[in-house]
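Structure assessment
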Amino acid sequence: LAKTTQPISMDSYEGQEVNITCSHNNIATNDYITWYQQFPSQGPRFIIQGYKTKVTNEVASLFIPADRKSSTLSLPRVSLSDTAVYYCLVGVDTNAGKSTFGDGTTLTVKP
Amino acid sequence: GAVVSQHPSRVICKSGTSVKIECRSLDFQATTMFWYRQFPKQSLMLMATSNEGSKATYEQGVEKDKFLINHASLTLSTLTVTSAHPEDSSFYICSAPLPNEQFFGPGTRLTVL
């Protein structure tokens with residue numbers, strides 16, 4: 001399973017766009033990239049998933065360059081409630097569904 | 001999306017007792033489920049893979065006799081922490097996969113006094 005590297009923490013202000021980049025140099029051809037959000041004392045919550053180029057849903061966008069060795073989660077106009085830990089996961093082992101969590105990025109949104 | 005539940009959401013027990021945590025996939029069947037443990041301000045650490053109808057697979061360093069896993073049906077996996085000690089206090093999270101995605105339960109906070 002591909003190892004991921006993310007910034008440990010980021011600060012932002014309400015209303016700003018936040019971009020969190022994840023490096024995954026060893027991504028395999030059939031690996032998907034999935035981002036999760038976790039609040040304290042809660043299970044991780046799915047945000048977005050992509051394989052290549054750009055994916056957008058109602059809460060975020062995911063940008064994946066052609067080489068797929070990194071990805072960027074973009075959160076438009078963050079609010080205080082977006083303060084959480086964000087995890088980038090690469091490579092759900094389709095034989096076992098196993099995922100390996102990296103350290104995640106703690107995003108703190110300030111008023 | 002798919003829903004995974006856990007019960008109880010929090011439990012406090014005395015040292016030496018055993019605690020059972022249930023993980024259910026509510027609207028889909030899961031032949032495999034996963035159990036994670038998360039200590040404060042740390043990431044999720046995979047403990048074991050629960051396999052319906054067969055033995056669980058444990059990650060390196062996880063004691064199988066201490067963390068008993070049973071996957072009796074396609075929608076239920078249980079984790080029993082046997083002879084719990086204060087160092088077992090943690091946040092336990094289960095997940096169930098569908099192709100290319102994991103669905104996580106809300107977690108169980110275990111406090112061992």
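Chains are numbered independently. Their residues run from 1 in the order of the written sequence. Chains and ligands are labelled by the order in which they are written, letters from A for the one and numbers from 1 for the other. Only residues with pLDDT of at least 70 are given local features in this predicted model, and only at 80 or more are side-chain atom pairs given and counted; all residues enter the totals for whole chains, interfaces and linings. Derived side-chain values reflect all non-hydrogen atoms in the structure, with water molecules and hydrogen atoms excluded from consideration.

1. Re the environment of Trp35 of chain B
All names here are of chain B. Here a strand is any run of E in DSSP of at least two residues, a helix any run of H or I of at least four, and the numbering for each starts at the N terminus. Along the chain, the position of Trp35 falls in strand S4 (residues 32-38). Burial status follows relative accessibility: with a 1.4 Å probe on protein chains alone, a residue under 20% of its type maximum counts as buried, one over 50% as exposed, and anything between as partly exposed. Exposure remark for Trp35: the relative accessible area of 0% places this residue in the buried category. Residues Trp35 and Met45, 10 residues apart in the sequence, show an inter-C-alpha distance of 8.5 Å. A polar contact is formed between the side chain of Trp35 and the side chain of Ser77, at a distance of 3.0 Å. Throughout this description, a polar contact denotes any pair of N or O atoms lying within 3.5 Å of each other; where both atoms belong to protein, one of them has to be capable of donating a hydrogen while the other can accept it, and for residues adjacent in sequence the pair is counted only when both atoms sit in side chains.

2. Re the packing of aromatic side chains
Each aromatic pair joins two rings of Phe, Tyr and Trp (for Trp, the six-membered one) with centres within 6.5 Å, and gets the label stacked for planes under 30 degrees apart, edge-to-face for over 60, and tilted for any other angle. Summed over the entire model, instances satisfying the criterion amount to 10 aromatic pairs over all chains. Ring geometry for Tyr36 of chain B against Phe104 of chain B: centres 5.8 Å apart, planes inclined by 50 degrees, an arrangement best described as tilted. Here Tyr36 of chain B is found in strand S4, whereas its partner Phe104 of chain B is found in strand S10 (residues 101-104), with 68 residues between them in sequence. Taken individually, Tyr36 of chain B and Phe104 of chain B each receive the classification buried, so the pair is uniform in this respect. The interplanar angle of 40 degrees and the centroid separation of 6.4 Å between the aromatic rings of Phe67 of chain B and Tyr92 of chain B together place this pair among those described as tilted. With Phe67 of chain B in strand S7 (residues 67-73) and Tyr92 of chain B in strand S9 (residues 90-98), this pair connects stretches of sequence that are 25 residues apart. Across this residue pair, the class does not change: Phe67 of chain B and Tyr92 of chain B are buried. Three or more aromatic residues joined by ring pairs form one cluster here, namely Tyr36, Phe46, Tyr87 and Phe101 of chain A together with Tyr36 and Phe104 of chain B. Whether a charge sits over a ring depends on NZ of Lys or CZ of Arg being within 6 Å of the ring centre and within 35 degrees of the ring normal. Just above the ring of Tyr51 of chain A sits the side chain of Arg68 of chain A; from NZ or CZ to the centre is 3.9 Å.

3. Some thoughts on unusual backbone geometry
Omega for the peptide link from His7 of chain B to Pro8 of chain B comes to 0 degrees, which places this bond in the cis form. Following the sequence through the fold, Pro8 of chain B ends up in the loop between strand S1 (4-7) and strand S2 (10-13). Within the chain, Thr53 of chain A stands out as a residue other than glycine whose phi angle is a positive 60 degrees. Mapped onto the fold, Thr53 of chain A is located in strand S5 (residues 53-56).

4. So, the nonpolar core
If you look at the biggest cluster of nonpolar residues, it comprises 25 residues, and the most contacted ones within it are Val4, Trp35, Phe67, Leu79, Tyr92 and Leu110 of chain B. Here, nonpolar core refers to any group of buried Ala, Val, Leu, Ile, Met, Phe, Trp, Tyr and Cys residues whose side-chain atoms link them within 4.5 Å. Counting residues in each nonpolar core, the second largest holds 20 residues, with Trp35, Ala60, Leu75 and Tyr86 of chain A among its members.

5. Focus: the sheet that holds strand S2 (residues 18-23) of chain A
Residue and element names in this part refer to chain A. If you walk across this open sheet you meet the 4 strands as S2-S7-S6-S5, and the pairing is antiparallel. Only two strands of the sheet have a single partner each, and these edge strands are S2 and S5. Strand-to-strand twist across the sheet, computed as the mean angle between neighbouring axes with direction ignored, equals 15 degrees. Direction of pairing for S5 relative to strand S6 (residues 61-64): antiparallel, over a ladder of 4 bridges. When the sheet's bridge partners are listed, Thr56 is paired in S6 with Ser61. Whether two strands pair comes down to DSSP finding at least two bridges between them. Throughout, an axis means a line fitted to C-alpha atoms (over the contacting stretch in the case of helices), and angles, computed between N-to-C directions, take values from 0 to 180 degrees.

6. Considering the sheet that holds S7 of chain B
Residues and elements named next belong to chain B. Strands sit in the order S1-S3-S8-S7 across an open sheet of 4 strands; the sheet is antiparallel. The open sheet has two edge strands with one neighbour each: S1 and S7. Direction aside, the axes of adjacent strands within the sheet are offset by 20 degrees on average. Relative to strand S8 (residues 76-81), strand S3 (residues 19-25) is paired through 6 bridges, and the arrangement is antiparallel. Looking across to S8, one finds that Lys20 is bridged to Thr80.

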